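Letter by letter, the chains look like this.
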Amino acid sequence: MPASPVSDTRPSAGTAAIIGAACRFPGADDPAAYWRRLMAGDRLAGAPDRRRESLWRAAADPVLGPRITTLTGGYLRDIAGFDPACFSISAREAAKLDPQQRLLMMVAHDALEDAGITRDALRGRAVGVFIGAGSTDYMLLGACDKPGIDAYHGLGNSHSLLANRLSYYYNLKGPSLTVDTACSSSLTALHVALGALAQDDLDLAIVGGVSLILSPDLTLAFSQANMLSPSGRCDSFGAGADGYGRAEGVGVVILAHPDRLAACGGHGRARALIRASAANQDGRSNGITAPNGLAQVQVIRRAMARAGVTPADMAYMEAHGTGTTLGDAIEFKALADVFGPDKGQGKGRDNGAAAPCHVGSAKANLGHMEAAAGMGGLIKAMLMLEHGMIPPHPVPPPFNDVVARAGGRLAITTSAVAIDRADACIGISSFGFGGSNAHVILQAAPADHDDDDTALDADGLGADGPAADGPAADGPALLMLSSHDAGLLAADMQHLAQAIEDGAAPLAAYGHALARDRDALRHRVAVAATGRGDAVRRLRVMAADAGQAGAAAPRVALVFTGQGSQHAGMGADLHARNPVFRAAFDDCAALIRRVAGFTTDDLLHGGAGGNDRLEADTHLAQLALFCHEQALARLVMAAGVVPAALIGHSLGELVAQAIAGMLTPDQAVRLVHERAAAMQETAQETVSGGAMLAVTADADTVRGHLTADAGGEPCHLAAINAARSCVISGPAVAVARVAAAMTARGIASRPLRTRHAFHSPAFAAAAARLARASRDIRPAAPAIPVISNLDGRPLAALPAGSDYWSRQMLAPVAFAPGIAGLVAGDDLDGAGIDLFIEIGPDRVLAPLIARDHGGVAAISLQQRGADGVMTLLGALGRAFEAGLGLDTTPLFAAAPPVRLPARHLACRPCWGVAVARDDPPPDTATVPPRVPDTVATPCVPDVAATPPAPDVVAMPPAREIIARQLDVMRDQLSLIETLKHRTSMQREGGRHG
């Protein structure tokens, strides 16, 4: 065969990385299952299922049946199942959608999840959609029922909508088009996408192909053209090849610029690199469906030239390989011309014989997926490069005579073979029966993009994330799962458990990926686990009762505890294992050491005195609490918690003021130091000891009994903690009398762990000292509303020299009124707080809030005696379940990216199902509002909870539609026979004329 008259050595402008892939092929619902089928050498073909009644009726028809070669082929497991709620599509419209649209949306969803790219990250970006498709079988079925045609029929069956619907749903702004070049459609769509990535400067491209067999029309036509094999399989390059077997399939890949992976969103890892592509046309050949070997040689050579590779660089050629005698012979001869013995040995080769280049075709395993066939070959090539293996060609010898005569490097292997070069390339060919050809060159992703589950940054740190203990360190992590459908969460949990069990990545990798690479949807569940084994166990146990319906993102208030919650070892776990907490703690501890002399050990453990010292030494206790709480608050805010308000209890209010920016760190430490030192000095000067008593009664009841029950000695209301929880303070003897009297009246009470009568006139001298010490403080306006302990209202900006803190020291703590105001939202633009997060070393205030306000969530980040890290993760997991969004980077060890299994979608039958009359009409259901650069996100309904509509309209009976279609086909065949007879008579007349 002569050399190609076309020479094009320009570098390909379309080089790209495949960062995500998904598929639904015969016998394989995802790439992993596809790879297992390939390696096993499976050949998948069978009879159509009962859903395809039109095929069975045509085969049984006395006129049509004998004209159909076979119905055996490669069919998908479920072509009717769809998740309308996920894609915000009404039941009425879903029933009219071509299953190709439905399946394409679901597989694109899985491919984006494989790439770790969220819907929110795609919104409004320059992302192109390029889809290969050819058949219109569903439209043929629906067209037989003319009265049933509505607006959804056109939208649901238009080829353009295959691509456009994806662009609409994800709000993508790049080109969106569907390509039909018959069998080469999807690889041609890929070629167009590669050019657009470069020329239109796209961020990403979604490329796919889809083909389904729903109507007998094409099977009948291809049978009459003698294209189909009676076996329903493709014996690619086999000596007995006698036609091809039809098959169905959907494949989608996500493409990005190789040098912009970090900016594309998601995990930023490539599965393979596309070096180059090329496309051409046969032009005039022996017939419009006859292959043109010269054109095949030209398109392969052009792709290789653009990729800068030689034949010796190719380890494998994924051939078109339909299994027709003529087509296989022409294609293999074309490959022999490209890979002849006179071709260069390629880079890095000795002068000896080059290694063989193996040839095969996925069609031998699956059948011919027609418009989606190119995706089958592309994803197969990607998997081969990932695994470093060439799967066996499933067709046994003998092979087509041209294979034996070709010689040279080309070979067909019937057993798995390792790819012996890391830089080896694979070529994929796809040839349309109308003469449109495409070829793509793939190469393995470079080592720094490989899925090396043990790789970490050089210093073991992520961006501000905690260090791992080693390359494969396991440790605690928070796994946050969510779904639009509560019924799907259990399956997602089981799937994730299996992925963790089978994988090698540390648990932290899965925790970070779930937070970074998944949209947080309505139904949520969180699992805090100590390691991989614990995570697998918890996921499987909790899957039985998974799925909490979270509300919209809650308004959050941080609640800071006061003195009395301190204990030896508070924050020690976090200080040892979380660098974000440790940095904030140590910065504050350095300021405390300068003004008060306390060490880090004093602040964490109470020094040698431990709990006894922390209870007795108010000066140390308050500074230790302040240091702990401000560090804990800064950690959770770094994790994405954005408080709408802050409220503290006594000392906790000073922490709130520091977090709100009213006080600088230095001002806050000095203020707490002066406050605590003055209180400690006053307590030591007091001859009679003080005490405090928690009383289970409302404030009015407590006030009414104080004077009478104290025996004439003054006792004071120190705090209103909840509707029926108050604290009194005073001399120890008087407080004991009040406790006894309360017990006699049936009112429960409990003494607090303190030796001082805080928030009482006993500390008047300390308050005066604090007023003098705070005169030079110039507080700023709070950046976040701070609720005052004096009246339970937001604190206004304080003037310089304010005596606020001295008054706050003596007055009762109006904590419960402050919480009630936050829940009501009267002082927060009318929007109340939904979630209270307690910041402190123990669980003290959250139970009181939850008891008084059942409609809000209240959680504590720490609990005395529990592991600090695991308690924190568990608490934040509950906050996530309540609707909070979180960034896990500061929470646990950095880890390399990992691919997560795609979340499950519901498979509700959308084929002739009953649909409600009150579904929205097409014009409002499918057209977004006219808002610049935005798309309204419809509320996803809870399908499982929606009661059946009383008035439903059924689609036309399938048997009636099929019967009408068969009548049309019979008429068409009769017309063809008549035309054949007339043509024959005319020829006969011409010969005798």
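In case you missed it, the structure is sitting above this.
Quick summary incoming for the structure in this document. Predicted, not measured: the structure shown is a model, and the values here were computed from it.

Here we look at the overall build of the protein
Phase 1 of the analysis: Assigned secondary structure in the protein consists of 34 helices and 29 strands.
Phase 2 of the analysis: Per-residue burial over the protein gives 56% buried out of 993 residues.
Phase 3 of the analysis: For the protein, contacts bridging at least 24 residues in sequence account for 80% of all contacts bridging at least 6.
Phase 4 of the analysis: In the form shown here, the protein has an accessible surface area of approximately 37,800 Å², with 54% of it arising from carbon and sulfur atoms.

Points about the sheet that holds strand S21 (residues 716-722)
Backbone-to-backbone hydrogen bonds pair the strands of a sheet. The strands run either parallel or antiparallel.
Phase 1 of the analysis: If you trace the 4 strands from one edge of the open sheet to the other, you get S21-S22-S20-S23, paired in antiparallel fashion. Unpaired on one side and paired on the other, S21 and strand S23 (749-751) mark the two borders of the sheet. Between one strand axis and the next, the sheet turns by 25 degrees as a mean value, whatever way the strands run.
Phase 2 of the analysis: Across 3 bridges, the pairing between strand S20 (residues 690-695) and S23 is antiparallel. Along S23, the bridge assignment pairs alanine 694 with arginine 750.

Observations regarding the environment of histidine 267
Phase 1 of the analysis: Within the secondary structure, histidine 267 sits in the loop between strand S6 (249-256) and strand S7 (272-281).
Phase 2 of the analysis: On the accessibility criterion, histidine 267 (10% relative accessible area) is buried.
Phase 3 of the analysis: Expressed as a C-alpha distance, the spacing of histidine 267 and alanine 115, which sit 152 residues apart in the sequence, is 6.8 Å.
Phase 4 of the analysis: Apart from residues no more than four positions distant in its own chain, histidine 267 is found in contact with Ile19, Asp114, Ala115, Gly116, Arg516, Asp517, Pro897, Val898 and Arg899.
Phase 5 of the analysis: A distance of 3.2 Å separates the side chain of histidine 267 from the backbone oxygen of alanine 115, its partner in a polar contact.

With respect to the nonpolar core
Phase 1 of the analysis: Within the largest apolar cluster, 127 residues are counted, with the highest numbers of intra-cluster contacts made by Leu479, Leu603 and Ile837.
Phase 2 of the analysis: Top contributing element to this core by residue count: helix H23 (residues 618-638), with 11 residues.
Phase 3 of the analysis: In this structure leucine 479 touches Leu496, Ile500, Leu507, Tyr510, Gly511, Leu514, Val525, Ala526, Val527, Ala535 and Leu539, once residues within four positions along its chain are discounted.
Phase 4 of the analysis: Counting 52 residues, the second largest nonpolar core, distinct from the first, contains Phe87, Ala115, Cys264 and Ala445.

Focus on the pairing of S21
Phase 1 of the analysis: Counting buried positions along S21 yields 6 of 7 residues, so the element is predominantly enclosed.
Phase 2 of the analysis: In the sheet, S21 pairs with strand S22 (residues 725-731) via 5 bridges, with the strands oriented antiparallel. If you follow leucine 717 over to S22, its bridge partner there is isoleucine 728.

Let's talk about the sheet that holds strand S24 (residues 786-787)
Phase 1 of the analysis: The 5 strands lie next to each other as S24-S19-S18-S25-S26, forming an open sheet whose pairing is parallel. Looking at the sheet topology across the chains shown, the edges are occupied by S24 and strand S26 (857-860).
Phase 2 of the analysis: With 4 bridges joining them, strand S25 (residues 835-839) and S26 adopt parallel strand pairing. Pairing of glutamate 838 across the sheet is with serine 860, part of S26.
Phase 3 of the analysis: Along the sheet, helix H30 (residues 815-824) contacts strand S18 (556-560), strand S19 (643-648), S24 and S25; its crossing angle with S19, the most-contacted strand, is approximately 170 degrees.

Observations regarding the packing of aromatic side chains
Phase 1 of the analysis: Per the stated rule, a full pass over the model turns up 10 aromatic pairs.
Phase 2 of the analysis: Ring centres of phenylalanine 222 and phenylalanine 433 lie 6.1 Å apart, and the angle between their planes is 85 degrees; this geometry places the pair in the edge-to-face category. Remark: phenylalanine 433 occurs in the loop between strand S13 (425-431) and strand S14 (436-444) and phenylalanine 222 occurs in helix H10 (residues 217-224); sequence separation between them is 211 residues.
Phase 3 of the analysis: A relative accessible area of 9% means that phenylalanine 222 is categorised as buried.
Phase 4 of the analysis: By relative accessible area, which is 36% here, phenylalanine 433 ends up partly exposed.
Phase 5 of the analysis: Aromatic side chains phenylalanine 237 and phenylalanine 332 sit 5.5 Å apart centroid to centroid with 70 degrees between the ring planes, which places their arrangement in the edge-to-face category.

Looking at the pairing of S13
Phase 1 of the analysis: Taking burial as the measure, the 7 residues of S13 include 7 buried ones, the bulk of the element.
Phase 2 of the analysis: The two faces of S13 match: Cys425, Gly427, Ser429 and Phe431 on one face and Ile426, Ile428 and Ser430 on the other face are all buried.
Phase 3 of the analysis: Sheet analysis places S13 next to S14, joined by 7 bridges and oriented antiparallel. Its bridge partner lying in S14, isoleucine 428 is registered against valine 440.
Phase 4 of the analysis: If you look at the hairpin formed by S13 and S14, you'll find 4 residues sitting between the two strands, and glycine 435 has a positive phi there, around 100 degrees.

Some remarks on the packing of helix H20 (residues 579-596) against helix H25 (residues 665-685)
Phase 1 of the analysis: Where H20 meets H25, the axes come as close as 10 Å, and the angle between the chain directions of the two elements is 50 degrees. Our classification of the angle between H20 and H25 gives oblique. Relative to H25, H20 is oriented so that their crossing is right-handed. For the pair formed by H20 and H25, the contact residues are Cys588, Leu591, Ile592, Val595 and Ala596 on the first element and Pro665, Asp666, Val669, Arg670 and His673 on the second.
Phase 2 of the analysis: Per-class residue counts for the contact of H20 with H25 are 7 nonpolar, 1 polar and 2 charged.

Some words on the pattern of salt bridges
Phase 1 of the analysis: Per the stated rule, a full pass over the model turns up 33 salt bridges.
Phase 2 of the analysis: A salt bridge links arginine 125 to aspartate 203, with the shortest nitrogen-to-oxygen separation between them at 3.5 Å. Pair noted here: arginine 125 is in the loop between helix H5 (119-122) and strand S3 (127-132) and aspartate 203 is in the loop between helix H9 (185-199) and strand S5 (204-211), with a separation of 78 residues, a long-range link.
Phase 3 of the analysis: According to the relative accessible area criterion, aspartate 203 is partly exposed, its value standing at 28%.
Phase 4 of the analysis: The partner of arginine 537 in a salt bridge is aspartate 534, with the nearest N and O atoms 2.8 Å apart.

Rules of the game
- Residues numbered from 1 in each chain as written.
- Predicted model: local features only at pLDDT ≥ 70, side-chain atom pairs only at ≥ 80, totals over all residues.
- Heavy atoms only, no water.
- Helix = DSSP H or I, 4+ residues; strand = E, 2+ residues; numbered from the N terminus.
- Buried < 20%, exposed > 50% of the residue type's maximum accessible area, 1.4 Å probe, protein only.
- Contact = heavy atoms within 4.5 Å.
- Areas by Shrake-Rupley, 256 points an atom, 1.4 Å probe, with all protein chains shown as cover.
- Pairing = 2+ DSSP bridges.
- Axes fitted to C-alpha atoms, helices over the stretch in contact; angles between N-to-C directions.
- Polar contact = N/O pair within 3.5 Å; in protein donor to acceptor, adjacent residues only side chain to side chain.
- Core = buried A, V, L, I, M, F, W, Y, C linked by side-chain atoms within 4.5 Å.
- Phe/Tyr/Trp six-rings, centres within 6.5 Å; stacked < 30°, edge-to-face > 60°.
- Parallel < 35°, antiparallel > 145°, perpendicular 65-115°, else oblique.
- Left-handed = near helix turned anticlockwise from the far one by under 90°.
- Nonpolar A, V, L, I, M, F, W, Y, C, P; charged D, E, K, R; others polar.
- Salt bridge = Lys/Arg side-chain N within 4 Å of Asp/Glu carboxyl O.

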